[in-house]
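# Per-entry structural report
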Amino acid sequence: MSVTLLVCILGMVAIGALGLLGRRRPAASLEEWSVGGRNFGAFTTWLLQAGEIYTTFTFLGLAGLACTSGVAVTYALPYLPLAYVGLYAIAPVIWRMGRDRGYLTQGDFFADRYGSRLFGGLTSVLGVVFLLPYLQLQITGLGLVIQLATGNKDAGTPAMIAASVLVVAFVLWSGIHGVAKAAYLKDALMVVALLAMLVMVPAHYNGGIGHLGAALREHHSELLSVPAGGPFGQVWFFTAMLTSLFSVLFLTMPQGWAPVLAAGSEQALRKNSIWIPVYGATQAIPMIVGFTALTTLSGAASANGNGVLLQLASGAMPDWLLGVIAVAAAATAMVPSAGIVLGMSTLVARNVLRPRGARAGLLVNHGTVVIAVTLALVLGITRPDALANLLLLTYSGLGQMAPATAAALTRRPLLRAWSAGAGIVAGEAVLIWLTFGDSYHGAISTGLIALAVNVVVAGAVELVLRARGGAPVLPDEPSAPSSASASAPTTV
């Protein structure tokens, strides 16, 4: 067994063990399991919120995208600080609503604010469907990390199985507390990995970052500016950034709600809105590794975008440190997977199946954890590319929740459930057509086009409904879902 593989195994076991140690006491309710009593401090909440910054997609994908698109990859840098400027105000509003109304999920928010179980169920089903390929990506990415780091093609599948078992175990045993504990190690490893790559990779291949810049100017000057047109041109850059901005700003990813609702105070969320963008700026480091690959690897080697980061790290670092980098990459799969499956299972238990009673709710929730991870694992092993196209819809598809969320943040929701629902359905339909219809080849983000249709349809339906009489009902009379059961507001 190689040193790198041994470090990888020990690291994955440590992540799982920390997750298991997160349990304080058996969860008596879905509320305790999913939002932990709503008393997390600023640092723990920060770790949970920052968990979405580094996934396997970010860690490996940004280096690959830098290698193929040049500085156009930097579209990923500005939207996070811009989004958190808005979240400084929005997150505390959602937190107050969640505390006062008993929200555990994004679906609870929609059901209560729009006074409709049906609408809450619709958004929850879409959330689960669009998150499944994202969950598979994390598991498949972990297998790829182990293969690339160890050079052993047979190690990927056992690593995927082992990681999936560990994730299921600590999520079922510890809930959100386990995710938070594992996040401590993940982010500590990420800091070590990022600093090591920033110093050692450019130094080994180019003699330092300064020499890297000179090599890029001499041999790849065309990639040092965003072109006016083309697949990674200025229109693509701006619209991709804007789509990502709306998605983060309005918490369209269902797993992003648990960290906000679990916070102990508004102040914790406001502090995080200041410091998370600072951590997010470190995404520039995988981009630098990708730029290094441009000056080092041949065209055929650099074409394997997802592998360039670990390929360069393996040549610049000793085996034990490469193992640490691989464990950090594995953590970017395991911890986000835990958060994703926690969000999916709580949506199913609270807003889709809605069993009666706290025990029944926990059983449905835990069963969903096992089923979701097993399905993602089986697909990752047997058909790793089966959901590749659907993965393109994860961010843009969930981004269609943004207008409905924005409209519900005011004292009186600006839309009815029928209006918001019609907008979401229209946006999703346009997005699927643009993605799979093979008829659109423009540079504008398909997610942004779908969002525009979403807003227009929702506004038109709302105008028609208002013309027929009445205004949206204030969500003061219907009671929010209780903590002990999955009951929800009355339907419209």
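Everything numeric here is computed off the predicted structure, so don't read it as measured data.

### Some points on the packing of helix α3 (residues 42-50) against helix α9 (residues 176-206)
Across the interface, α3 lies against α9 with an axial gap of 9 Å and an inter-helix angle of 80°. Taken together, the axes of α3 and α9 lie roughly perpendicular to each other. Between α3 and α9, the contacting residues are F43, T44, L47, L48 and A50 on the first element and I176, V179, A180, A183, Y184, K186 and D187 on the second. In terms of residue class, the contact of α3 with α9 is built from nine nonpolar, one polar and two charged.

### A closer look at the pattern of salt bridges
Under the criterion given, the structure shown has eight salt bridges. A salt bridge links D108 to R350; the nearest nitrogen and oxygen atoms lie 2.8 Å apart. Here D108, found in helix α6 (residues 106-113), pairs with R350, found in helix α17 (residues 319-352); they are 242 residues apart in sequence, far enough to count as distant. R350 carries the same exposure label as D108, and that label is buried. The partner of E462 in a salt bridge is R466, with the nearest N and O atoms 2.9 Å apart. You can see E462 and its partner R466 sitting in helix α22 (residues 446-467), four residues apart, about one turn around the helix. Note on E462: relative accessible area 4%, which makes it buried.

### Some thoughts on the environment of D438
The topology assignment puts D438 in the loop between α21 (417-436) and α22. For D438, a relative accessible area of 60% puts it in the exposed group. Measuring from C-alpha to C-alpha, the distance between D438 and V226 comes to 26 Å, with 212 residues separating the pair along the chain.

### Observations concerning empty space enclosed by the protein
Taken as a whole, this structure holds four cavities of 30 Å³ or more when the rule is applied. Of the voids in this model, the largest cavity is the one considered here, and its volume is about 70 Å³. In terms of lining, the largest cavity is formed by L135, Q138, I139, L142, M160, A163, S164, V167, A333, M334, S337 and V373. Broken down by secondary-structure element, the contributors of at least two residues to the lining of the largest cavity are α7 (117-150), α8 (156-174) and α17. Of the residues belonging to the lining of the largest cavity, the class tally is nine nonpolar, three polar and no charged.

### Observations concerning the side chain of N365
In this structure, N365 sits in helix α18 (residues 358-382). Contacts of N365, omitting those with residues within four sequence positions, involve L30, W33, S345, T346 and A349.

### As for α6
Within α6, eight of the eight residues are buried, leaving the element largely enclosed by the surrounding structure. Turning to α6, its buried residues number three or more, namely Q106, G107, D108, F109, F110, A111, D112 and R113. On its buried side, α6 packs onto α5 (79-101), α7, α12 (257-262), α17 and α20 (402-407). Sitting at the head of α6, T105 places a side-chain oxygen 3.2 Å from the backbone nitrogen of G107. Directly after α6, the chain includes G115, whose backbone phi takes a positive value near 60°.

### Considerations on the nonpolar core
Residues F59, Y114, L142, I146, M197, F291 and M317 are the most contacted members of the largest nonpolar core, which totals 152 residues. Sorting elements by how many residues they give to this core places α17 first, with 19 residues. Ignoring any residue separated from it by four or fewer positions in sequence, one finds F291 in contact with A66, G70, V71, V73, L212 and L216.

### Details of a nonpolar patch on the surface
Together, Y88, I274, W275 and V278 line one region of the surface with nonpolar side chains, adding up to about 440 Å² of accessible area. For the nonpolar patch, the element with the highest residue contribution is helix α13 (residues 266-280), accounting for three residues. Assignment of secondary structure puts W275 in helix α13. On the accessibility criterion, W275 (55% relative accessible area) is exposed.

### Observations concerning unusual backbone geometry
With a phi angle near 55°, R38 is a residue other than glycine that sits in the positive phi range. Considering the arrangement of structural elements, one finds R38 in the loop between α2 (30-35) and α3. According to the relative accessible area criterion, R38 is buried, its value standing at 13%. Positive phi is not limited to glycine here, since L251 has a value of about 50°. Topologically, L251 is positioned in the loop between α11 (234-249) and α12. On the basis of relative accessibility, which here comes to 10%, the residue L251 falls in the buried class.

Basis of the calculations
- Residues numbered from 1 in each chain as written.
- Predicted model: local features only at pLDDT ≥ 70, side-chain atom pairs only at ≥ 80, totals over all residues.
- Heavy atoms only, no water.
- Axes fitted to C-alpha atoms, helices over the stretch in contact; angles between N-to-C directions.
- Helix = DSSP H or I, 4+ residues; strand = E, 2+ residues; numbered from the N terminus.
- Parallel < 35°, antiparallel > 145°, perpendicular 65-115°, else oblique.
- Contact = heavy atoms within 4.5 Å.
- Nonpolar A, V, L, I, M, F, W, Y, C, P; charged D, E, K, R; others polar.
- Salt bridge = Lys/Arg side-chain N within 4 Å of Asp/Glu carboxyl O.
- Buried < 20%, exposed > 50% of the residue type's maximum accessible area, 1.4 Å probe, protein only.
- 1 Å grid on protein atoms, 1.4 Å probe; cavity = no way out; pocket = protein on both sides within 12 Å on 5 of 7 lines; lining within 4 Å.
- Points joined across faces, edges and corners; volume = space filled by probe spheres on them.
- Polar contact = N/O pair within 3.5 Å; in protein donor to acceptor, adjacent residues only side chain to side chain.
- Core = buried A, V, L, I, M, F, W, Y, C linked by side-chain atoms within 4.5 Å.
- Patch = residues over 30% accessible without salt bridge, like charges linked within 9 Å, V, L, I, M, F, W, Y side chains within 5 Å.
- Areas by Shrake-Rupley, 256 points an atom, 1.4 Å probe, with all protein chains shown as cover.

Take it as geometry only, folks, not as evidence of what the structure does.
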